[in-house]
Amino acid sequence: MGSLIDRKDDMSSTTVIDSVPKMNLLRISDEQEEDQSSLVPLHDAPIVSSYNDRIRPLLDTVDRLRHLKIMQEGIQLPTIVVVGDQSSGKSSVLESLAGISLPRGQGICTRVPLIMRLQNHSNPDPQLFLEFNGKVVPTDEQHIADSISSATEEIAGKGKGISNTPLTLIVKKKGVPDLTMVDLPGITRVPVHGQPEDIYEQISGIIMEFITPEESIILNVLSAGVDFSTCESIRMSQRVDKSGQRTLAVVTKADKSPEGLMEKVTADDVNIGLGYVCVRNRIGEESYEEARAEEATLFETHPHLSKINKSIVGIPVLAERLMKIQATIIVKCLPEIVRKINEKLNGHVEELNKMPKHLTSMAEAMTTFMQILGSAKESLRKIILQGEFDEYPDAADMHCTARLAEMLNKFSEELQSVKAVSYDTKNKFLEDEMRVLEETKAIGLPNFLPKAAFLTLLQTKVKEISTIPFGCVEKMWHYIENVVVRVLLQHCDNYPQLVSCTRRAAQNLIAKKKQQSFDWMKDVVEMERLSDYTCNPDYTASWNKFMSEQAEFMERAKGTCCLAATSRFGEVYIDHLQGLGGVVQEAFDLKMRMTAYWDIVLLRMVDNMGLHLLYSIQKLVSKEMQGEIITELIGPQGNGLERMLEESPSVSDKRKKLKRSIKLLKESNDVVSNIIDRVVVD
């Protein structure tokens, strides 16, 4: 598009499109450019000729997305954000671009984010609207300032407080540039009467929220009379845009401080990547046309200002730059916006489909409950009985068969450790056996081992290990309870109403099963204590093997040797056995019988524990659990099915939120689908 003001050749200026690296560009037609000699006088021309069919659809798309509040879904939109210190002339710049009057006064005039949507309109009669709090309020040029003030009071309250709730101003007017900008409160450090003490922190928070996204273009309004490096707005923009590639500076009040202005914008000490535009503020009752004419004359004739390149002076140039920047950033961001919309839409739809069905009848509740029970039962069968853990691949505590096998092995090791401790193989070999033989002797034939002697030793040994099996039962059922409850609650996760009764049913059932195991183990221990029997041939084989060493042992015991070697107990002291004769032989026989039999007892106890556990779990999963939960849920005292019809507030709120988001994202997808094909991708 041709410049409305002749450009001097003594200074170079990088165009805004060249200043935005790696941005895709619109194929904007140059057919609307006019020869410089045919330009109409500046004060009679519109601010900037609109790109019409090229830019307007893109801007309408973004505006519609903004109106749909797509940013609530975490999708940022390309936005021109206007920031500036208080009294920097920010409102004057926006008034000049829009051709309307904004609220003026002392202190902060802009108390809420003001989204200004400017639309070039062929109708000579302007149309102005305010949108806020779900309302659309028409207004006109004469009353626009009062309307904005009233809307601001409704949003932020009376007084001088601020709010981050936006107010949208739509201006449809002939000759205005097609732009959408967000005007933010001016930065002030010291609160005045009526302002909150943390006014600076509040304003800073709002500004940082808007300028931080990479999709935002920062329009930084600076007064010509100040040191740019001391401006708070510059410091804020540099915090989020260190390279300056998203920042355009507008220097206001050029007529008030013309000396040295050219040097300041040329030196660019504050790193403004998109360059500068110098403007003159409208003064007093000047019309906007008169103000533009005065501005053009100022930059043409002023001894200092006329030296500034005409490509960076004037409201028309600012409007043109903003439109090009806006088109560029929209084209750059639009494909990513489309991708994010589709990604979030698919994610929300998938999440909604995973949510539990909203139940409306007892039949639906019963069907759903039985499905939950069936799936939980299948999971437990896989985890506890079959050793499959694909549902919990990374949760080692849910690899149930492996953990139970470890517990059973630990049980066996504990039993064996007690056996080892009970043997005093060095100093008191055969003493216990001889003492028992002495106390159980009776009138009868010689060379027969008393039955009572064997049972007495057996009962002593059983007593030594009697607490270990019950500890194993406790550990195993505690572990099974944790697994069962975890699986059941996971399957009930979508219906919190089932959690308490399901947990209670599982805990009650496990308590019953554990008590049954305690009773069973009590009988097992008592049987081993009161009787001795095995048909295992290993008993006879082991006893014969041990007894094959008896003759050599007795020879050494009759002599003067202090030590004797045995295959089972190693070397033992025998000096205390010398001279005792036949009782030693009987004690040796008794000890070897008990040793061979005790090995059988311990193995039998471990085997029985494993078999009992497997059988109990099989019954638990296949039969008992389902009946217990059904009784708890729908029995005489249960009302679980009725409560399934009452959707929890959290689930209901989540379902509504997802539906709202899906509706918004679908509408947004419809909006962008009609425009995306116009974007030219490099």
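The structure this text deals with has already been given above.
A quick note: this is a predicted structure, and the numbers were derived from the prediction, not measured.

Draft legend 1. Just helix H16 (residues 537-547), in detail. Residues of H16 that are buried: Tyr-539, Trp-543, Phe-546 and Met-547. Down the axis of H16, the smallest arc covering the buried residues is 95 degrees, so these residues share one side. Exposed positions of H16 whose direction lies more than 90 degrees from the buried face are Pro-537 and Lys-545. Elements in contact with the buried residues of H16: helix H17 (550-558) and helix H18 (582-634). The N-cap of H16, judged by a side-chain oxygen 2.9 Å from the amide nitrogen of Asp-538 a few residues on, is Asn-536.

Draft legend 2. Local environment of the nonpolar core. In this structure, Ile-480, Val-484 and Phe-553 are the most contacted members of the largest nonpolar core, which totals 87 residues. Ranked by residues supplied to this core, first place goes to H18 with 22 residues. Filtering out sequence-adjacent residues up to four positions away, Val-484 remains in contact with Leu-380, Ile-384, Ala-506, Leu-620 and Met-625. One finds Leu-118, Phe-132, Ile-155 and Leu-318 within the second-largest nonpolar core, a separate group that totals 68 residues.

Draft legend 3. Focus on the pattern of salt bridges. Scanning the model with the defined rule gives 33 salt bridges in all. Between Arg-282 and Glu-95 there is a salt bridge; the shortest N-O distance is 3.7 Å. Here Arg-282, found in the loop between strand S9 (276-278) and helix H8 (288-301), pairs with Glu-95, found in helix H3 (residues 90-98); they are 187 residues apart in sequence, far enough to count as distant. A salt bridge links Asp-397 to Arg-486; the nearest nitrogen and oxygen atoms lie 3.2 Å apart. In this pair, Asp-397 is assigned in the loop between helix H10 (362-385) and helix H11 (400-422) and Arg-486 in helix H14 (residues 468-491), connecting sequence segments 89 residues apart. On the accessibility criterion, Asp-397 (42% relative accessible area) is partly exposed. Look at Arg-486 and you get partly exposed, because its relative accessible area is 35%. Where salt bridges share partners, they join Glu-336, Arg-339 and Glu-343 into one cluster.

Draft legend 4. Structural detail: the environment of Thr-180. With respect to the helices and strands, Thr-180 occurs in strand S6 (residues 179-183). In this structure, Thr-180 is in contact with Leu-59, Asp-63, Arg-66, Ile-80, Ile-115, Met-116, Arg-117 and Gln-326, ignoring residues within four places of it in sequence.

Draft legend 5. Structural context of the environment of Ile-308. The residue Ile-308 is located in the loop between H8 and helix H9 (315-354) in this model. Each C-alpha atom, one on Ile-308 and one on Leu-261, is 8.5 Å from the other, the two residues being 47 residues apart in sequence.

Draft legend 6. Up close: helix H4 (residues 144-156). Taking 1.5 Å of rise per residue, the 13 residues of H4 would be expected to cover 18 Å, and the 18 Å separating its terminal C-alpha atoms lies within 8% of that figure. Where H4 is concerned, the buried positions are Ile-144, Ala-145, Ser-147, Ile-148, Ala-151, Thr-152 and Ile-155. Buried residues along H4 cover an arc of 160 degrees about the axis, so they all sit on one side. The inward-facing, buried residues of H4 abut strand S3 (127-132), strand S4 (135-139) and strand S5 (167-173). Taken from the residues just after H4, Gly-157 is the one with a positive phi, measuring 85 degrees.

Conventions used here
- Counting restarts for each chain, with residues numbered from 1 along the sequence as it is written.
- Per-residue local features of the predicted model are confined to residues with pLDDT of at least 70, and side-chain atom pairs are confined, for both listing and counting, to 80 or more; whole-chain, interface and lining totals are unaffected and use all residues.
- Side-chain metrics in this entry use all non-hydrogen atoms of the structure; hydrogen atoms and water are not considered.
- Accessibility here uses a 1.4 Å probe with only protein chains present; expressed as a share of the type maximum, an area under 20% marks a residue as buried, one over 50% as exposed, and anything in between as partly exposed.
- A run of DSSP states H or I qualifies as a helix once it reaches four residues; a run of E qualifies as a strand once it reaches two. Both are numbered from the N-terminal end.
- The directions from the helix axis to the C-beta atoms are what the arc is built from.
- Contact criterion: two residues are considered in contact whenever any of their non-hydrogen atoms come within 4.5 Å of each other.
- Residues adjacent in sequence count toward polar contacts only when both atoms are side-chain atoms; beyond that, a polar contact is any pair of N or O atoms within 3.5 Å, and within protein one must be able to donate a hydrogen and the other to accept it.
- To form a nonpolar core, buried Ala, Val, Leu, Ile, Met, Phe, Trp, Tyr and Cys residues must be joined to one another through side-chain atoms within 4.5 Å.
- Put simply, a salt bridge is a Lys or Arg side-chain nitrogen that is within 4 Å of an Asp or Glu carboxyl oxygen.
- Under the convention used throughout, the expected extent of a helix is 1.5 Å for every residue step, that is, one less than its residue count.

Geometry only, nothing functional implied.
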